[in-house]
Amino acid sequence: MKILFMNGPNLNMLGIREKQIYGDMSLDTINQRLQAECDKLGVETEFYQSNIEGELVDKIHSTYGTNYDGIVFNPGAYSHYSLALSDAIKCINIPVVEVHMSNVFAREDSRHQMTTAKNSLGVISGFGEQSYFLGLYALLGRKA
Ligand code: DQA
């Protein structure tokens, strides 16, 4: 089994940005913990982060026709308005579980619009760094 963990804009600033919302763990630390969990489970991984919409589109496209079993994706703010990312998810034949650290539905109205979620398998929102692990387990459970 092979999973791609993808993060969109500003998630490289985890541990620094709005700690009251996102906590103080860096993305590197979260990824190291995901790697350790995947090692235990015998799951192959890749980690990717970009602040640029087109690069995220290209990365999603690059999984087409490969042996990836799924993508755990936090698109950041692009979740709320990026038709390009939403369309990219639709281009590939690989399930995408969308994850958010914060509960976006408990935040500003502008975060309630979920454009990428429309083409994602499902959404996990509100569990801090645990959201990434829950996304992983969702994909594993699907495969079981
Ligand atoms: C986020 C939620 C988004 O609304 C926000 O723009 C982010 C992070 C989350 O993980 O909670 O950058 O995706």
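Before going into details, it helps to say that this report is about the structure given with it. All of these numbers come straight from a predicted model, not from anything done at the bench. Residue numbers run consecutively from 1 along every chain, following the written order of its sequence. For a predicted model such as this one, the threshold for reporting local features is a pLDDT of at least 70, and the threshold for listing and counting side-chain atom pairs is 80 or more; totals across whole chains, interfaces and linings nevertheless cover every residue. By convention in this description, side-chain values take in all heavy atoms of the structure and omit both hydrogens and water.

## Points about the environment of S102
Within the secondary structure layout, S102 lies in the loop between β4 (96-100) and β5 (122-125). Relative accessible area decides the class of each residue, using a 1.4 Å probe on protein chains only: under 20% of the type maximum gives buried, over 50% gives exposed, and in between gives partly exposed. Residue class for S102 comes out buried when judged on its relative accessible area of 8%. Separated by 79 residues in sequence, S102 and G23 have C-alpha atoms that sit 9.9 Å apart. Setting aside its immediate chain neighbours within four residues, S102 contacts I21, Y22, R107, S125 and G126. Note on conventions: DSSP H or I runs of at least 4 residues are helices, E runs of at least 2 residues are strands, and numbering of each starts at the N terminus. Any two residues whose heavy atoms approach within 4.5 Å at even a single point are treated as in contact.

## Here we look at the nonpolar core
Residues I3, F5, L14, I30, V72 and Y132 are the most contacted members of the largest nonpolar core, which totals 21 residues. Of all the secondary-structure elements, those providing two or more residues to this core are β1 (2-7), α2 (27-41), β4 and α5 (130-143). It is α5 that contributes the most residues to this core, five residues altogether. Setting aside chain neighbours within four positions, we find I30 in contact with L14, M25, M101, E129 and Y132. The term nonpolar core refers to a set of buried residues drawn from Ala, Val, Leu, Ile, Met, Phe, Trp, Tyr and Cys, joined through side-chain atoms within 4.5 Å. In this structure, V57, Y78, I89 and I92 belong to the second largest nonpolar core, which totals 15 residues.

## Observations regarding the sheet that holds β4
What the five strands build is an open sheet, ordered β2-β1-β3-β4-β5; its pairing is parallel. A single partner strand is all that each edge strand has here, and the edge strands are β2 (44-49) and β5. In this sheet, neighbouring strand axes are inclined to one another by 20° on average, regardless of whether the strands run parallel or antiparallel. Here three bridges tie strand β3 (residues 70-74) to β4, and the two strands are oriented parallel to one another. Its bridge partner lying in β4, I71 is registered against V96. Those strands touched by helix α3 (residues 53-62) are β1, β2 and β3, and its axis lies near 170° from that of β1. Any two strands with at least two DSSP bridges between them are considered paired. Fitting a line to C-alpha atoms yields each axis, with helices limited to the stretch in contact; the angle taken between N-to-C directions then spans 0 to 180 degrees.

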